[in-house]
Amino acid sequence: MKEQKKVLGEERRELLLQLLKEKEEPITGSDLATRTNVSRQVIVGDITLLKAKGEPIIATSQGYMYLLQGSLANTIERTIASSHPPDRTEDELNLLVDHGVTVKDVRIEHPVYGDLTASVMVSNRKEVREFIEKIKTTNASYLSELTEGIHLHTISASSEQKLEEAIKALKRAYFLVE
């Protein structure tokens with residue numbers, strides 16, 4: 001078996017951009033590390049450098065994504081305020097994605113650090129399940145646990161109607177803070 005050669009520096013970052021641009025779904029840092037024969041930590045550094053150069057790369061719970069110009073042009077966004085205990089997170093996310101809504105992020109107001117935002121980027125039940133599973137397997141906490149359940153989400157959809165229906169469903173399920 002032939003040992004794979006490391007892809008170095010700028011050449012590796014160009015390859016990362018190419019790989020990210022070719023895929024519409026997220027690619028994990030581990031997968032990118034394997035493809036370039038470097039550590040996952042090197043990939044984290046490369047992604048940071050690419051973002052600093054203005055490349056529209058986002059880190060989601062499923063991996064890295066390149067946001068193509070215009071890919072979000074036909075979507076409408078809203079920010080909603082929500083409150084619930086951690087064990088209702090999956091219910092909240094499923095309710096939103098079932099209405100054709102993408103949950104882009106979660107944001108809290110921390111008393112020391114100010115606004116803290118984390119990418120969520122879930123659009124269907126499979127992605128919600130993967131997000132929840134990653135929280136469980138890494139033993140991570142939800143940001144909302146720092147604020148007794150109160151948090152914001154940026155949500156997006158292809159129509160105002162989808163957003164309105166999702167928001168009404170959140171109200172009926174007692175998730176919204178009003």
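Residues numbered from 1 in each chain as written. Predicted model: local features only at pLDDT ≥ 70, side-chain atom pairs only at ≥ 80, totals over all residues. Heavy atoms only, no water.

1. What about the UniProt feature "domain: 3H" (unreviewed entry) in the protein chain?
Using the following cut-off: UniProt positions are given in the numbering used here, feature names are shortened, and annotations may be inferred rather than shown by experiment. Secondary structure elements follow DSSP: runs of H or I no shorter than four residues count as helices, runs of E no shorter than two count as strands, and numbering proceeds from the N terminus.
The sites that carry the UniProt feature "domain: 3H" (unreviewed entry) are, in the present numbering, residues 80–176. Taken end to end, residues 80–176 is 38% helix and 31% strand, and its two terminal C-alpha atoms sit 7 Å from one another.

2. Here we look at the pattern of salt bridges
Which entries qualify depends on this criterion: A pair is scored as a salt bridge if a Lys or Arg side-chain nitrogen falls within 4 Å of a carboxyl oxygen belonging to Asp or Glu. The classification of residues rests on relative accessible area computed with a 1.4 Å probe and restricted to protein chains. Under 20% of the type maximum is buried, over 50% is exposed, and intermediate values are partly exposed.
If you walk through the whole model with that rule in mind, you get twelve salt bridges. Lys23 is the partner of Glu25 in a salt bridge, and the nearest nitrogen-oxygen pair spans 3.3 Å. Its salt-bridge partner being Asp98, residue Arg125 comes within 2.6 Å of it at the nearest N-O pair. Here Arg125 is found in helix α5 (residues 125–138), whereas its partner Asp98 is found in helix α4 (residues 89–98), with 27 residues between them in sequence. Since its relative accessible area comes to 43%, Arg125 is described here as partly exposed. One network of salt bridges, in which partners are shared, links Glu10, Arg12, Arg13, Asp46 and Lys53.

3. Regarding the sheet that holds strand β6 (residues 150–157)
Sheets are built from strands that pair by backbone hydrogen bonding, the pairs being arranged parallel or antiparallel. Convention followed: For two strands to count as paired, DSSP must find a minimum of two bridges between them. Axis definition: a line fit to C-alpha positions, over the contact stretch in the case of helices; interaxial angles, taken between N-to-C directions, run 0 to 180 degrees. Two residues qualify as a contact provided that any one of their heavy atoms is within 4.5 Å of a heavy atom in the partner residue.
Pairing is antiparallel in the open sheet, where four strands are placed in the order β3-β6-β4-β5. With one partner strand each, in any of the chains shown, β3 (76–83) and β5 (114–122) form the two edges of the open sheet. Mean inter-strand twist for the sheet, computed between neighbouring axes without regard to direction, equals 25°. Bridging between β3 and β6 involves eight bridges; their strand directions are antiparallel. Residue pairing in the sheet places Thr79 in a bridge with Thr154 of β6. Lying on the sheet, helix α6 (residues 160–172) is in contact with β3 and β6; it crosses β3 at an angle near 5°.

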